[in-house]
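Coordinate inspection notes
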Amino acid sequence: MENFTFHNPTRIHFGRGQIAAIGGELPATARVLLLAGGGSIIQNGVYDQVKKALGVRATFEFFGVEANPDFDTLIQAVELARREKADWVLAVGGGSVLDGAKFVAAAVPYAGDPWEVLTKGGAGVKSALALGAVLTLPATGSEANSFAVISRRALKEKLAFGHPLLFPRFSVLDPETTFSLPPRQVANGIGDAFCHVIEQYLTFPANAAVQDRFAESVLRVLIDVGQTTLANPTDYSARANLVLAATWALNGTIGMGVPQDWASHMIGHELTALHGIDHARTLAVVLPSLLQVRRNAKRAKLLQYAERIWDIRGGSEDARIDSAIAKTRAFYESIGIRTRLADYNVIAATTAPEVARRLEARGMVKLGERGEITPAVVEAILRLAA
Ligand code: NZQ
Ligand code: ZN
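Residues numbered from 1 in each chain as written. Chains lettered and ligands numbered in written order. Predicted model: local features only at pLDDT ≥ 70, side-chain atom pairs only at ≥ 80, totals over all residues. Heavy atoms only, no water.

**Regarding empty space enclosed by the protein**
One way to see where empty space is left: roll a probe the size of a water molecule over the atoms. As enumerated under the stated definition, the model contains one cavity of 30 Å³ or more in all. A volume near 40 Å³ is recorded for the largest cavity. Where the lining of the largest cavity is concerned, the elements lending two or more residues are helix H7 (183–201) and helix H11 (279–293). The leading source of residues in the lining of the largest cavity is H11, at three residues. (1 Å grid on protein atoms, 1.4 Å probe; cavity = no way out; pocket = protein on both sides within 12 Å on 5 of 7 lines; lining within 4 Å. Points joined across faces, edges and corners; volume = space filled by probe spheres on them. Helix = DSSP H or I, 4+ residues; strand = E, 2+ residues; numbered from the N terminus.)

**Re the site of ligand 1**
Contacts to ligand 1 come from 34 residues, most closely from Gly 38, Ser 40, Ser 96, His 196 and His 265. Residue Ser 142 places a side-chain N or O atom 3.3 Å away from a nitrogen atom belonging to ligand 1. Between Lys 158 and ligand 1, the recorded distance is 2.7 Å, taken from a side-chain N or O atom to an oxygen atom. When isolated, ligand 1 has an accessible area of 960 Å², and the protein chains bury 88% of it. Sorting the residues of the shell around ligand 1 by element identifies helix H5 (95–107), strand S6 (147–152), H7 and helix H10 (263–275) as the ones contributing at least two each. (Near = heavy atom within 4 Å. Polar contact = N/O pair within 3.5 Å; in protein donor to acceptor, adjacent residues only side chain to side chain. Areas by Shrake-Rupley, 256 points an atom, 1.4 Å probe, with all protein chains shown as cover.)

**Notes on the coordination of the zinc ion (ligand 2)**
In the first shell of the zinc ion (ligand 2), the protein supplies Asp 192 (OD), His 196 (NE2), His 265 (NE2) and His 279 (NE2), at 2.0 to 2.2 Å from the metal. The sequence pattern describing where the donors of the zinc ion (ligand 2) fall on their chain is D-x3-H-x68-H-x13-H. Of the two residues, His 196 is situated in helix H7 and His 265 in helix H10; the sequence distance between them amounts to 69 residues. For the pair His 196 and His 265, a shared accessibility class is recorded, and that class is buried. (Donors = N, O, S within 2.8 Å, 3.2 Å for Na, K, Ca; no water. Buried < 20%, exposed > 50% of the residue type's maximum accessible area, 1.4 Å probe, protein only.)

**Concerning H5**
An ideal rise of 1.5 Å per residue puts 18 Å on 13 residues; H5 measures up with 18 Å between its terminal C-alpha atoms. Where burial is concerned, most of H5 is hidden: 12 out of the 13 residues are buried. Among the residues of H5, Gly 95, Val 97, Leu 98, Asp 99, Gly 100, Ala 101, Lys 102, Phe 103, Val 104, Ala 105, Ala 106 and Ala 107 are the ones counted as buried. (Expected span 1.5 Å × (residues − 1).)

**Let's talk about the pattern of salt bridges**
A complete count under the given rule lists 26 salt bridges for this structure. For Glu 270, the salt bridge identified is with Arg 358, shortest N-O distance 2.6 Å. Placement of Glu 270 in helix H10 and of Arg 358 in helix H14 (residues 348–361) is noted, with a sequence separation of 88 residues between them. Residue Arg 358 is classed as buried on the basis of its relative accessible area of 17%. One salt bridge in this structure joins Asp 322 and Arg 295, with 2.6 Å as the shortest N-O distance. Of the two residues, Asp 322 is situated in helix H13 (residues 317–334) and Arg 295 in the loop between H11 and helix H12 (299–310); the sequence distance between them amounts to 27 residues. Judged by relative accessible area, which is 39%, Asp 322 ranks as partly exposed. Classification of Arg 295 as buried rests on a relative accessible area of 11%. (Salt bridge = Lys/Arg side-chain N within 4 Å of Asp/Glu carboxyl O.)

**A word on unusual backbone geometry**
Of note in this structure, Lys 156 is not a glycine but carries a positive phi near 55 degrees. Of note, Asn 345 is a non-glycine position whose phi angle comes to about 60 degrees, a positive value. Within the element layout of this structure, Asn 345 appears in the loop between H13 and H14.

**Remarks on the domain arrangement of the chain**
With domains assigned, the chain is organised as domain 1 (11–177) and domain 2 (182–384). For domain 1 and domain 2, the distance between their C-alpha centres works out to 26 Å. Of the residues lining the interface, 21 residues belong to domain 1; the matching set on domain 2 comes to 22 residues. Between domain 1 and domain 2 lies a buried interface of about 1900 Å² when both sides are counted; carbon and sulfur atoms form 63% of it. The three residues of domain 1 that bury the most area against domain 2 are Pro 138, Lys 156 and Lys 158, which together make up 29% of that side's buried surface. The interface formed by domain 1 and domain 2 contains one salt bridge. (Domains from an automatic or database assignment. Contact = heavy atoms within 4.5 Å. Buried area = accessible area lost by both parts, 1.4 Å probe.)

Set out below in structure tokens:
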């Protein structure tokens, strides 16, 4: 295991009724930009709870942050925050709203062109507004990490950035706020969190027993609760465990000092930028093929994954690996997420080289835990995902 510094300053308020905790988190004098999506928070009562908790604080509302939050929309929120001299951003919604809030928090005090915040991956950020979140969709881990992914449809771009100043100061996770999610979004959340764990775990052995066992427990919980929470959306226990699993999948814990392989995400972001496919669905397409193409480099961990996650013990090493990859694909399909490019009307023969070229243009020519995922390998992965 490599040396590491673990730092996660986000305070989590977990459980029923916890939106009220906002009252104790925000200073009475806070000037709050309330950022939200298309209106789900009005319909499910979250908005009323948030307003009650905010009380008489000066609040400026910005609705309309879309799934895969768009730069051009968020710029309007930046202008509102500047005009009203907001000093807090309160994100109320899913990962897209939370990511959008991180961008706004960084862009408001940014001196140059706000697009640079993204093109420099967050490296130009010097200060940020304070950030709080009420999460209504378990998936991204954005509620307890310092990363965000922003799209710019006008340029067909989707870029990730991060900065330590962008950890939410606090996040409220009330599982009941997620009961109103449509099954498609619940499945997306399960699939996204699953892939987050895999990308920090399924690399090569690093003698990181704590992180391995932690990763394995989160994977098993996701498998255990996935079907239950889809079938019974108001089963509090199942949903609460999904919410907790999704947060811990990407709050830094599993990734402490271990090799990581974010290639599925990097390839997936290009698929969303080009074809508008939901984030989690891009991962379901890429991951099984990536594991297949990279099976030798990942051999030891694939065998561990086969045994500890899918209870596969008999047969040759290769047969066990085949079976583990097949189980991974079947898991996504079992929660209603299709795993082939053709399922999304995407033609692999044209998209595979295009994605490879786009990543190359970004300098992403050595992805994966060993830097071996070159543009040619990206192309092979996507051709296999046809
Ligand atoms: O806009 P509203 O009306 O709120 O509807 C949303 C949206 O249509 C709806 N929704 C959210 N909570 C709901 C609800 N509907 C009913 N009841 C509720 N309680 O769900 C739809 C999708 O929401 P979205 O926020 O887009 O989903 P998700 O949380 O999956 O976020 C996806 C975005 O996060 C990025 C992705 O790339 C994508 O842009 N990611 C962010 C990461 C991070 N910050 O660390 C890491 C991830 O890997 C990911 O890349
Ligand atoms: Zn993700």
